[in-house]
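Coordinates in review
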Amino acid sequence: MKFTMRMVAGAAGSILALSAGFAAAQNYPARPVRVVVPWPPGGANDIVGRIVAQRLGDQTGQQFVIDNRGGANGNIGADLVAKAPADGYTLMVHSAAHVTNPHMYKKLPYDTLKDFTGVTTLAVQLGMLVVHPSLPAKTVKEYIALARAQPGKIVYGSSGSGSFVHLGMALLNSMSNTQMVHVPFKGGGPAVVALASGEIQAMTATIGSVIPHLPGGRLRALGVTSATRMKQFPDVPAIAEGLPGYEFAAWIGAFVASATPKPIVERLNAEMKKALDNPEVVKVMSGQTLDPMYLTSEQFAARLKADFDKYEKLVKMTGVTAN
């Protein structure tokens, strides 16, 4: 009898918790929501976060306030979100670097898969191989030839060790058997500034972060990381045209702390889907070559587990380390 009563009490508790979650979701959001972007302003995560946050604010009547917490390839901001109250009022907009970091750092202050719930992916992340105009290479083949002729001479930047930007170039180096010097920055924005000033010579940058520097010739585009040319830049070859088999694409997604009630996660997912379906949002994001990408929270959970294993293999293959 005691066992039966314990089961009944447990079931009742679960029903009450679920009911409370639904009630909270109906009133959510009742106050401003903090959106932690664990990168500095100016990079792809920041761009996507601000576009989506603005639309969420319009839809819900509450502010979604961006809070940039850059550093350690996103680890600093992620730790803040992992330890925040699990009530839906602290979100995180982070890239696939989130599932790369466990394979880069010996110890993290959180568990990547257990301490977060993925709400949905928000955008496809692609890169562009860009160089400072002082570098004589005009094509991917010329760039690779130059790097082979001068091993250890070309200096490339990234938004942090293990970031999308870093892994894109590390993969290129591995596939082309070239050696270059890596300089990590605290985010894509600072890295692009360094490239435009000539402090570094090359990057496989997120495209949205370099668009302003292309028309005036401050940077030269050599190739995109997608398998084929992009509709937004039809005159820029795919890197694969000069390095067969090369392709590198990732995502930017939204997360909450893992104990966030499921009804709130589902409300956020629905609001984000609505935002990503909005024609103006599609236009603005696609103009930054950050095409909207929606998944259910269940689909995103499966993608996170698969990418966790995928990036472990990529880190081992490229020899990337957290420096």
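The structure we're discussing is the one just above.
To start, this report covers the structure provided alongside it. Along each chain, residues carry numbers from 1 onward, in the same order as the chain's sequence is written. Where local features are concerned, this predicted model is filtered to residues with pLDDT of at least 70; where side-chain atom pairs are given and counted, the filter is 80 or more; whole-chain, interface and lining totals use all residues. Excluded from the side-chain calculation are hydrogens and water; included are all heavy atoms of the structure.

1. What to know about the packing of aromatic side chains
Stated precisely, the cut-off is as follows: In summary, the pairing rule links any two rings of Phe, Tyr or Trp, Trp by its six-membered ring, whose centres are within 6.5 Å, and it sorts them by plane angle into stacked for under 30 degrees, edge-to-face for over 60 and tilted for everything else. Counting from the N terminus, the helices are the DSSP runs of H or I reaching at least four residues and the strands are the DSSP runs of E reaching at least two. Whether a residue is buried, partly exposed or exposed follows from its accessible area with a 1.4 Å probe, protein chains only, as a fraction of its type maximum: under 20%, in between, or over 50%, in that order.
Applying the stated criterion to the full structure yields seven aromatic pairs. Measuring from ring centre to ring centre gives 6.5 Å for Phe116 and Phe255, while their planes differ by 80 degrees; the resulting arrangement is edge-to-face. Pair noted here: Phe116 is in strand E4 (residues 116-131) and Phe255 is in strand E9 (residues 249-257), with a separation of 139 residues, a long-range link. Accessibility classification places Phe116 together with Phe255 in one group, the buried group.

2. Quick look at the packing of helix H9 (residues 262-277) against helix H10 (residues 279-287)
This is how the line gets drawn: Axis lines are fitted to C-alpha atoms, over the contacting stretch for helices. Their N-to-C directions set the angle, which ranges from 0 to 180 degrees. Working rule for angles: under 35 degrees goes down as roughly parallel, over 145 as roughly antiparallel, 65 to 115 as roughly perpendicular, anything else as oblique. Any two residues whose heavy atoms approach within 4.5 Å are treated as being in contact. Residues are sorted three ways: Asp, Glu, Lys and Arg are charged, Ala, Val, Leu, Ile, Met, Phe, Trp, Tyr, Cys and Pro are nonpolar, and all the rest, Gly among them, are polar.
Look at H9 against H10: their axes get within 5 Å of each other, and the N-to-C directions meet at 70 degrees. What the angle tells us is that H9 and H10 run roughly perpendicular. Seen from H9, the contacting residues are Ala275, Leu276 and Asp277; seen from H10, they are Pro279, Val281, Val282 and Met285. Its residues assigned to classes, the contact of H9 with H10 comprises six nonpolar, no polar and one charged.

3. Re unusual backbone geometry
Residue Pro29 is reached from Tyr28 by a cis peptide bond, and omega for that bond is -10 degrees. One can find Pro29 in the loop between helix H1 (2-27) and strand E1 (33-37). Unusually for a residue other than glycine, Asn177 sits at a positive phi of about 55 degrees. Tracing the chain through its elements places Asn177 in the loop between helix H6 (164-176) and strand E6 (181-184). Judged by its relative accessible area of 67%, Asn177 is exposed.

The quantities given are spatial measurements derived from coordinates; they are silent on function.
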